[in-house]
Amino acid sequence: MAYNDLREWIAGLEHAGELKRIKTEVDPILEIAEITDRVSKSRDKNGNTGGPALLFENPKGADIPVLINQFGSERRMRMALEVDALDQVADRIRQFMDVKSPQGFLDKVKMLPMLAEMGKFFPKTVSTGPCKENIHKDRVSLNQLPVLKCWPQDAGRFITLPCVITRDPKTGKRNVGMYRMQVFDERTAGMHWQRQKVGAEHYREMLRAAARAGTPVPPSASASLAVDMMARSSGGSVLPEGGLPKGKMEVAVALGTDPTITFSAIVPAPPDVEEYLIAGFLRQKPVELVKCETVDLEVPASSEIVLEGYVNLDELRTEGPFGDHTGFYSLADLYPVFHVTCATYRNNPIYATTIVGKPPQEDAHMGKAVERIFLPLMKLTIPELADINLPVEGIFHNLMIVSIRKSYPGQARKVMNAIWSLGQAMFTKCIIVVDEDVNVQDIREVTLKVLNHIDPERDIQFTLGPMDSLDHASRLPNYGSKMGVDATRKWSSEGFTRPWPDEILMDASTKALVDSKWKALAKELGIE
Ligand SMILES: Cc1cc2nc3c(=O)[nH]c(=O)nc-3n(C[C@H](O)[C@H](O)[C@H](O)COP(=O)(O)O)c2cc1C
Ligand SMILES: [Mn+2]
């Protein structure tokens, strides 16, 4: 049964031996990050990385415990999604995609259980919930939270696992995205939605609407930069020259939610698919929402802590640097500023967070879950796709290895272009395409076959396009080149006329012969 809140999830983890409580006092400034980093990179006797989830019960300077590394192993990721294998989530998605139009009454009856199951996905608004146990509109201070400073050159403390809720002013649809928040002072924080994310698009929609309705503010350096950053990139000169319109955009932030909600905020779903629905699908039980006190938004009723507030349309502030999941500091840049108007929280709240840095860390396991879950969805538009691997050191957007069933010339390049046009996969800096017989999960096999099979000048495809905001090497921020490597076997219809050698494989009878003697031989030779 679904975890109803963070506390049930913590209890579940503890019961499964997947959580350790730390009673010693530890400093949220750097110390928790160093401990967590060591735990993330530790290996158990089976060679699994990740260590346990950690509950720091005594963080220095705050009386709120800190939960970290909750998703930091494959097992915990499976527990969070309540499956025995991550592919089961993919199987469930496939089942819903396979639905054919019912042919008669019996077919319709057969569909009823599925329809009933779908009914559970939709969130429902309830009148109140645990997150309303304490409501503060005046005495709000972000400094009461044990927010981490993760790395020495970080610009400050960062809320790293917030579910940021916004509403599309045009359609009224909600979005939940995970965008880090740098704490500036008691009541303000950075709002780091990168320009290609849904929160940023909602902000631009607000800018467009406000610009149509009102007078622009006087020109200023930051305002014109905002136009450049948030508006011109959307293709229109909808904003008056030189200034940003005044106005506010409402934002709510939920901290410490049940694991499916937290996970839903990071999955790269299509912009119009509401994350509360994704969470409902994953947990197979509706997400219960409550209305906010000061803004017209809904938050999960069982959230540990909720911050309500707004972003001024005409205000940007330098955010970062921040030690990021690339293993490097992401550079400082201008981002909107979140102002807290109200905080609601449970009695004895728990602060859930994460750190990112050099992989492998907690986010590596979340990324792997995304990879498995999205494969069937990618196959919808790229049916020849057999498997994909985003190696952890490729930090999701630097390297994707895909295998395909090749049926026509040039297909590997078609697949690259399809990936570069697919949602957040647009950021993929390097795509390697191999034939179906290559196991993309085996990096040794990939290295051997890819490098053997390519004629680099012929097989590398360059293109230009949007880059992840975190990329520090591209010629311009957010814009640069990408590379695809066609490592499939080349066909004569692709202009390759030389013979292609067979892969070395021993014949079956010799193998069987040696198999029959192997036990004794191996013992004699001292090998396993
Ligand atoms: C721990 C963590 C921190 C993240 N921080 C940010 C961030 O600061 N800014 C951002 O744009 N995306 C960040 N992301 C990625 C987004 O959450 C992800 O792209 C998500 O799909 C965005 O949702 P959206 O499509 O609804 O905008 C982070 C992801 C994780 C796992
Ligand atoms: Mn979204």
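Scroll up to find the structure.
We now turn to the structure provided with this report. Counting of residues starts from 1 at the beginning of each chain's written sequence and follows it residue by residue. Starting at A for chains and at 1 for ligands, labels are handed out in the order in which the entities are written. Where local features are concerned, this predicted model is filtered to residues with pLDDT of at least 70; where side-chain atom pairs are given and counted, the filter is 80 or more; whole-chain, interface and lining totals use all residues. Calculation of side-chain values draws on the structure's entire complement of heavy atoms; hydrogens and water are dropped beforehand.

1. Considering the sheet that holds strand β21 (residues 430–435)
Here's step 1: Criterion used throughout: strands pair if DSSP finds at least two bridges between them. In DSSP terms, a helix is any run of H or I states spanning at least four residues, a strand is any run of E spanning at least two, and both are numbered starting from the N terminus. Spatially, β19-β20-β21-β23-β22 is the arrangement adopted by the five strands of the open sheet, whose pairing is mixed. Each edge of the open sheet is held by one strand with a lone partner, namely β19 (385–389) and β22 (460–466). Averaged over all pairs of adjacent strands, the angle between their axes in this sheet comes to 20°, without regard to strand direction.
Here's step 2: With four bridges connecting them, β19 and strand β20 (residues 399–404) associate as antiparallel partners. Residue Leu385 lies in a different strand from β20, and its bridge partner there is Ile404.
Here's step 3: Together, β19 and β20 form the strand contacts of helix α10 (residues 362–381), whose direction differs from that of β19 by roughly 160°. The convention used is that axes are lines fitted to C-alpha atoms, helices contributing only their stretch in contact, and that angles between N-to-C directions extend from 0 to 180 degrees. Only heavy atoms matter for contacts: two residues are in contact if any of them lie within 4.5 Å across the pair.

2. Looking at the site of ligand 1
Here's step 1: Taken together, the neighbourhood of ligand 1 is formed by 19 residues, with Asn175, Met178, Tyr179, His192 and Gln424 sitting nearest.
Here's step 2: As used in this structure description, the phrase polar contact means that two N or O atoms lie within 3.5 Å; if the pair is within protein, one of them must be able to donate a hydrogen and the other to accept it, and residues adjacent in sequence are counted only when both atoms belong to side chains. A distance of 2.6 Å separates an oxygen atom of ligand 1 from a polar side-chain atom of Tyr179.
Here's step 3: Take Val198: an N or O atom from its main chain is 2.9 Å from an oxygen atom of ligand 1.
Here's step 4: Protein burial of ligand 1: of its 640 Å² of free accessible surface, 88% is covered by the chains.
Here's step 5: By residue number, the principal contributor to the shell around ligand 1 is strand β8 (residues 174–178), which donates four residues.
Here's step 6: Residues that form the shell around ligand 1 fall into these classes: nine nonpolar, seven polar and three charged. The near set for a molecule or strand comprises every residue that places at least one heavy atom within 4 Å of it. Note on areas: Shrake-Rupley, 1.4 Å probe, and residue coverage restricted to the protein chains presented here. Any residue outside Ala, Val, Leu, Ile, Met, Phe, Trp, Tyr, Cys, Pro, Asp, Glu, Lys and Arg is labelled polar, Gly included; the first ten of those are nonpolar and the last four are charged.

3. A look at the pairing of strand β11 (residues 248–255)
Here's step 1: We call a residue buried when its accessible area falls under 20% of the maximum for its residue type, exposed when it is over 50%, and partly exposed in between, using a 1.4 Å probe and counting protein chains only. Counted residue by residue, β11 has six buried out of eight residues, so it is predominantly covered.
Here's step 2: With three bridges joining them, strand β7 (residues 163–167) and β11 adopt antiparallel strand pairing. Across the sheet, residue Cys163 finds its bridge partner in β11, namely Ala254.
Here's step 3: Inspection of the sheet shows β11 paired to strand β14 (residues 305–319) by eight bridges, in the antiparallel sense. When the sheet's bridge partners are listed, Ala252 is paired in β14 with Glu308.

4. Overview of empty space enclosed by the protein
Here's step 1: Two kinds of site are reported from a 1 Å grid over the protein atoms alone, namely cavities, where a 1.4 Å probe fits but cannot get out, and pockets, open sets with protein on both sides within 12 Å along at least five of seven lines, and residues are called lining when an atom falls within 4 Å of a point. Grid points are joined across faces, edges and corners, and a volume is the space filled by probe spheres set on the points. Evaluated as defined, the whole model comprises one cavity of 30 Å³ or more.
Here's step 2: For the largest cavity, the calculated volume is near 60 Å³.
Here's step 3: In terms of lining, the largest cavity is formed by His325, Gly357, Lys358, Pro359, Gln361, Asp363, Ala364, Val392, Ile395 and Phe396.

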